[in-house]
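Next come the chains, spelled out residue by residue.
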2 protein chains.
Amino acid sequence: MDKYSAVIDMGSNSVRLVIYYETAEGTSYEVDNIKNTIRLSTFLNEHNEIIEPGIKEVLRVLTQYRQLCEARKVSSVIGVATAAVRKAINKEELLTRIYETTGFTFRVLSGEEEAYYGYLAVVNTMSVSEGFTIDIGGASSELVKFADRKLVESYSFPFGAVTLAKQFFRNGIPTDAELVSLEKYLKEQFLAHPWIKEKKYSLIGMGGSARNLAKVHQKMMRYPFASLHNYHMKKYHVDTVFHYLKELSPTQMQGVEGLSKERADIIVPGIYIIKVLLECIGSERFIVSNKGLRDGVHMESRLKAKNLTLLDDVVEEGIYALMVNYKVNQVHARHVDNLSCTLFEQLAKEGLHSYGPEEKRLVSVAARLHDIGRMINIGEWNQHTFYLMVNVFLPGLTHKQRLLAALIASYKGSKRMQRLVAPYESMVSEADLQMVEQLGLLLLMARALDRTESQQISDVKLLCSDGVVVLYCWGRVNEQSLEAQTLEEHKKKFRKQFGLPLRLEWKSK
Amino acid sequence: MDKYSAVIDMGSNSVRLVIYYETAEGTSYEVDNIKNTIRLSTFLNEHNEIIEPGIKEVLRVLTQYRQLCEARKVSSVIGVATAAVRKAINKEELLTRIYETTGFTFRVLSGEEEAYYGYLAVVNTMSVSEGFTIDIGGASSELVKFADRKLVESYSFPFGAVTLAKQFFRNGIPTDAELVSLEKYLKEQFLAHPWIKEKKYSLIGMGGSARNLAKVHQKMMRYPFASLHNYHMKKYHVDTVFHYLKELSPTQMQGVEGLSKERADIIVPGIYIIKVLLECIGSERFIVSNKGLRDGVHMESRLKAKNLTLLDDVVEEGIYALMVNYKVNQVHARHVDNLSCTLFEQLAKEGLHSYGPEEKRLVSVAARLHDIGRMINIGEWNQHTFYLMVNVFLPGLTHKQRLLAALIASYKGSKRMQRLVAPYESMVSEADLQMVEQLGLLLLMARALDRTESQQISDVKLLCSDGVVVLYCWGRVNEQSLEAQTLEEHKKKFRKQFGLPLRLEWKSK
């Protein structure tokens, strides 16, 4: 029986429903994701009451979400509400009417909780152990400082992209005076917290402003990789996008590639928060996170079942989920991983390469995922493995790491690699491709060593003597085995890649 | 618990193991496929005994297959053997030794059975109701004539690519005299069967010779579609490849793109069988089938469980398998299909398009499959749906039909469509793309009509009056619903594609 769960995030700018498919193995992935830009914060009157049209709008949208949840027979829906509802003095009325109309219950998060969930989403989907997260909402912005993956400080600022736009800007192109007064305000707000200065830390941004900033930059750069999560920008990239957008009229804004039309009027204050914050921190690096509050909420409930708050290893979790979804023979994949790592180390020891732990990790990722493309089609499976590895959600790795791991996993020879990498040429160097060729071959060899997928070979040792590389293989194998036969096919490539002939020695154990 | 089954095909040229993953829903797909070119027929001595080195080679390979089956915990292995074993007077000894060493049992197929399984694979994976199938093996070739999808005549010829090469050619480039004598022999063989003349029928080829013929032709033509099954060639294309290859030396053969190195020495007689057979039939069309004997054997056992020999509808079966594998919400997909077909018919009735049943079927395929890309990533899911539809095994449709259905399923707008179709430009006309834009929009509308995936809209009617198209929607919906809201977004595109403004009328029922 298929199982689904959902999270509804009632924010001050938009309301969003995410439906997750939950596998029997405890992994999950998004199957629906819908957003309505209600701008709930604009329905707060001067007494901080959400006025009737705002309530009606919420009920209308949540009724739609109810239908979506019923259609999928979603078994658990977690609703959370943030700043606009938090501020509202009539929140009880709103929540009661929501419950009566839709059956949904909502937790109104404190600013602190809001900050926590954003942080939680980031540390569980990126390989970062220290930094700041900023979640820019419509009416509030949550800043977290974390180290050793643990939350150190957090603060919820009482402003967001929508409220700043309303408070500081008239319509149209912002004037210098408006920007100056906004900057002054933001600096005061941020610098009231001395823990903000930590210039070695990166700033990780969540929410629509951060995502749109990154999307616009990706379009400007003709960035070839189709992923937003974990996109890295330098501070001057943020400044470039900011200076570009702040000069545009509302009409010109509508034509900006990568910018959501609904966000055109609030993007300048949204990015300004990031720009000023980077200055206050003294940081040079901005990273966008496509995962945020709702994912933190979903993750908390998933991890609770395992008595965890943090995933032990973000990358490993992502690899496991893919092996499950694409029906990989996991015993085989893990054996290939062990063989690859052994070959990697022994080749290094014999001086045949000088790659380090970073490259070893890429091989290890590739080893576990090299078979995922088979589910699409066993013909040209390597091309499908490549396609999946660059397009699925694979947390914890940078885009470049994903690309390189995908190239290693799908490696069959130089020509095919060149064809696969062509659209991504701007992301890799000649040295990267040289590495892919050597480590791709190493993975081919490790796969050959378990071609029967039955772990016949228990150990390998590689020694270099008299200008020959000898690979000793122990196990229930001999020259007649499929392993031996498959490995023979790679000897020529070995000589080409590592400059020495390869000899195979089969030792039954 | 994952379930696997396997088929081993011990042929006269090669032995092959295919492992299938069997889903709980009764569909299946290949997860491993391994071939060993043993050339068993060359181990038959003059007394038609398989000599000891041949038996050893078989045992060696089958021991590898045993390991592969054990590793996947394959629950049922069906072994079949063809001409070489059929001919062998010591077949009992061979089969006993196989059983003792590996535990595998083999059925030795008669020529008639061999022919039947090839035919069965073809009629269950292609939408053809009449034609010939030819399965060219190493030591025999099976011809079947079928009509109304039923087998009418069949014959197993006692020659194959390996035996003809041995019998008619010296090494190196074939001489004219050699070719003439081979042609004479083949014509005599074929024309002994008067039922062979049926020039309106297509010839569908199976086996390595047919596949390599098609691959070489695809490479020559820079064919962009990565699929061999159901590749169509004209008779003169077959002639072109034949004339190209027959002039090449063994060394030159090794460099031919698309040609398997192991087959270089037997490709000329293999293709010659097809060429001469086309002439004898009087047919102008050759189609390659990537499915053959082993798939027929596997299919028989799958269909037996359902008390069937033939699938009712090849295309429907393929669609169902994909909906299962990629976790599509089937109730939603079928509702979208119904709505699409209704819209299609009513637009036609109002004179807004003049497409026929062929295009309607494309929409229907697209409607069921439009969501398959979501499993890869919900971001850019439409690009993933397109990728899957052109790369997975989707039987029964021609390549062009698959491409068009994929474009309709993934349609979001002209620009994106242009980008997706770019590599396949040579396969489509301007009129095709015009059709995709109109029918893609129609599918977008049908999807909007079930955006909540909960079948709120039970009926639609489209009427054209006074230069306005009015779409009446009955059900539990109104202007406030997600369906209405989503459909509104397509009004502008409708005017552009169909030349008239669209008005929506919501009728609660």
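Keep in mind the model is a prediction, meaning the values are calculated, not measured.

If you tally the helices and strands in chain A, you get 20 helices and 14 strands. Against the compact-globule benchmark of 23 Å for 509 residues, chain A has a radius of gyration of 26 Å, which places it among compact chains. Taken over 509 residues, chain A has a buried fraction of 61%. When contacts within chain A are restricted to residue pairs at least 6 apart in sequence, long-range pairs at least 24 apart make up 70% of them.

Before going further, it helps to examine the interface of chain B and chain A. Contacts between the two partners involve 41 residues from chain B and, on the opposite side, 41 residues from chain A. Of the roughly 4000 Å² buried between chain B and chain A, counting both surfaces, carbon and sulfur atoms make up 49%. Put simply, chain B and chain A have six salt bridges between them. The partner of aspartate 32 of chain B in a salt bridge is arginine 374 of chain A, and the shortest N-O contact between them spans 3.5 Å. At the boundary of chain B and chain A, one finds 22 residue pairs in polar contact (both at pLDDT 80 or more). Those elements that provide at least two residues to the side of chain B that touches chain A are strand 3 (28-36), helix 1 (52-71), helix 15 (381-391) and helix 19 (482-488) of chain B.

This part takes up the pairing of strand 10 (residues 231-234) of chain A. Residue and element names in this part refer to chain A. The two faces of strand 10 differ: Tyr231 and Met233 on one face are buried, but His232 and Lys234 on the other face are not. Two elements, strand 10 and strand 11 (residues 285-288), share four bridges in a ladder whose sense is antiparallel. Among the inter-strand pairings, lysine 234 is bridged to a residue of strand 11, identified as arginine 285.

In this structure, Tyr65, Ile98 and Leu471 of chain A together with Tyr65, Ile98 and Leu471 of chain B are the most contacted members of the largest nonpolar core, which totals 216 residues. Excluding residues that lie within four positions of it along the chain, isoleucine 98 of chain B makes contacts with Met10, Val58, Leu59, Leu62, Gly103, Phe104 and Phe106 of chain B.

Those places that UniProt annotates as "domain: Ppx/GppA phosphatase N-terminal" (unreviewed entry) correspond, in this numbering, to residues 24-302 of chain A. The span residues 24-302 of chain A is 46% helical and 18% strand by assignment, and the distance between its end C-alpha atoms comes to 12 Å.

What follows covers helix 18 (residues 430-448) of chain B. In this model, helix 18 of chain B (19 residues) spans 27 Å end to end at C-alpha, consistent with the 27 Å of a helix rising 1.5 Å per residue. Counting buried residues along helix 18 of chain B, 16 of its 19 residues qualify, which places the element largely inside the surrounding structure.

This part covers the sheet that holds strand 14 (residues 502-508) of chain B. Sheets are built from strands paired through backbone hydrogen bonds, the pairs being either parallel or antiparallel. All names here are of chain B. The strand order 12-13-14 describes an open sheet built from three strands, whose pairing is mixed. Because the sheet does not close on itself, it has two edges, and the strands there are strand 12 (457-465) and strand 14. Across the sheet, the mean angle separating the axes of adjacent strands is 20° when strand polarity is ignored. Note: strand 13 (residues 468-475) against strand 14, seven bridges, orientation parallel. If you follow valine 470 over to strand 14, its bridge partner there is arginine 503. Relative to the sheet, helix 13 (residues 330-349) contacts strand 12 and strand 13, its axis offset from that of strand 12 by approximately 15°.

With that out of the way, let us pick up the domain arrangement of chain A. Residue and element names in this part refer to chain A. If you check the domain split of chain A, you get domain 1 (3-108), domain 2 (112-294) and domain 3 (315-455). Taking only C-alpha atoms, the centre of domain 1 and the centre of domain 2 are 24 Å apart. The partner domain 2 presents 19 residues to the 20 residues of domain 1 that form the contact. Together domain 1 and domain 2 conceal approximately 1600 Å² of surface at their shared face, both sides included; 42% is due to carbon and sulfur atoms. When the buried area of domain 1 at its contact with domain 2 is split by residue, Asn13, Arg39 and Arg107 rank highest and sum to 27% of it. Linking domain 1 to domain 2 there are five salt bridges. Across the pair glutamate 113 and arginine 107 runs a salt bridge, and its minimum N-O distance is 3.2 Å.

To continue, consider the state of the cysteines. All names here are of chain B. Scanning the entire structure with this criterion turns up zero disulfides over all chains. Cysteine 473 supplies the cysteine sulfur nearest to cysteine 341, a cysteine that is in no disulfide, at a spacing of 16 Å. Residue cysteine 341 is classed as buried on the basis of its relative accessible area of 15%.

In the superposition of chain B on chain A (RMSD 0.1 Å, axial shift 0.0 Å), the rotation amounts to 180°. What the superposition gives is, in effect, a two-fold axis relating one chain to the other. Identified as the residue of chain B closest to the rotation axis by C-alpha distance is tyrosine 387 of chain B, at 4.5 Å. Comparing interface residues between copies, 100% of those in chain B also sit at the interface in chain A, which points to an isologous, same-surface contact.

The residues that UniProt annotates with the feature "domain: Ppx/GppA phosphatase C-terminal" (unreviewed entry) are residues 318-462 of chain A. From the first C-alpha to the last, residues 318-462 of chain A spans 31 Å; its make-up is 62% helix and 4% strand.

This brings us to the packing of helix 6 (residues 176-191) of chain A against helix 10 (residues 267-281) of chain A. Residue and element names in this part refer to chain A. Their axes nearest at 10 Å, the elements helix 6 and helix 10 cross at an angle of 50°. Our classification of the angle between helix 6 and helix 10 gives oblique. Seen along the crossing, helix 6 lies across helix 10 with a hand that is right-handed. On helix 10, the residues touching Leu179, Leu182, Glu183, Leu186, Lys187, Phe190 and Leu191 of helix 6 are Val268, Pro269, Tyr272, Ile273, Val276, Leu277, Glu279 and Cys280. Its residues assigned to classes, the contact of helix 6 with helix 10 comprises twelve nonpolar, no polar and three charged.

On to helix 8 (residues 235-246) of chain A. Residue and element names in this part refer to chain A. Between its terminal C-alpha atoms helix 8 stretches 17 Å, which fits the 16 Å expected from twelve residues at 1.5 Å a residue. Along helix 8, the residues that are buried comprise Lys235, His237, Val238, Asp239, Val241, Phe242, Leu245 and Lys246. Of the surrounding elements, those touching the buried residues of helix 8 are helix 6, helix 7 (208-220), strand 10, helix 9 (250-254), helix 10 and strand 11.

Our focus in this paragraph is the sheet that holds strand 5 (residues 106-108) of chain A. Residues and elements named next belong to chain A. On the basis of which strands lie adjacent, the open sheet formed by five strands has the order 3-2-1-4-5 and mixed pairing. Each of the sheet's edge strands pairs with one partner strand only, and the pair in question is strand 3 (28-36) and strand 5. Averaged over all pairs of adjacent strands, the angle between their axes in this sheet comes to 20°, without regard to strand direction. By the bridge criterion, eight bridges tie strand 1 (residues 3-10) to strand 2 (residues 15-22) in an arrangement that is antiparallel. Following the sheet pairing, isoleucine 8 is matched in strand 2 by leucine 17. Across the sheet, helix 1 (residues 52-71) lies against strand 1, strand 2, strand 3, strand 4 (76-81) and strand 5, angled at about 10° from strand 2, the strand it touches most.

Rules and cut-offs
- Residues numbered from 1 in each chain as written.
- Chains lettered and ligands numbered in written order.
- Predicted model: local features only at pLDDT ≥ 70, side-chain atom pairs only at ≥ 80, totals over all residues.
- Heavy atoms only, no water.
- Helix = DSSP H or I, 4+ residues; strand = E, 2+ residues; numbered from the N terminus.
- Rg over C-alpha atoms; globule rule 2.2 N^0.38 Å.
- Buried < 20%, exposed > 50% of the residue type's maximum accessible area, 1.4 Å probe, protein only.
- Contact = heavy atoms within 4.5 Å.
- Buried area = accessible area lost by both parts, 1.4 Å probe.
- Salt bridge = Lys/Arg side-chain N within 4 Å of Asp/Glu carboxyl O.
- Polar contact = N/O pair within 3.5 Å; in protein donor to acceptor, adjacent residues only side chain to side chain.
- Pairing = 2+ DSSP bridges.
- Core = buried A, V, L, I, M, F, W, Y, C linked by side-chain atoms within 4.5 Å.
- UniProt positions renumbered as here; feature names shortened; annotations may be inferred.
- Expected span 1.5 Å × (residues − 1).
- Axes fitted to C-alpha atoms, helices over the stretch in contact; angles between N-to-C directions.
- Domains from an automatic or database assignment.
- Disulfide = S-S within 2.5 Å.
- Least-squares fit on C-alpha atoms with pLDDT ≥ 70 in both.
- Parallel < 35°, antiparallel > 145°, perpendicular 65-115°, else oblique.
- Left-handed = near helix turned anticlockwise from the far one by under 90°.
- Nonpolar A, V, L, I, M, F, W, Y, C, P; charged D, E, K, R; others polar.

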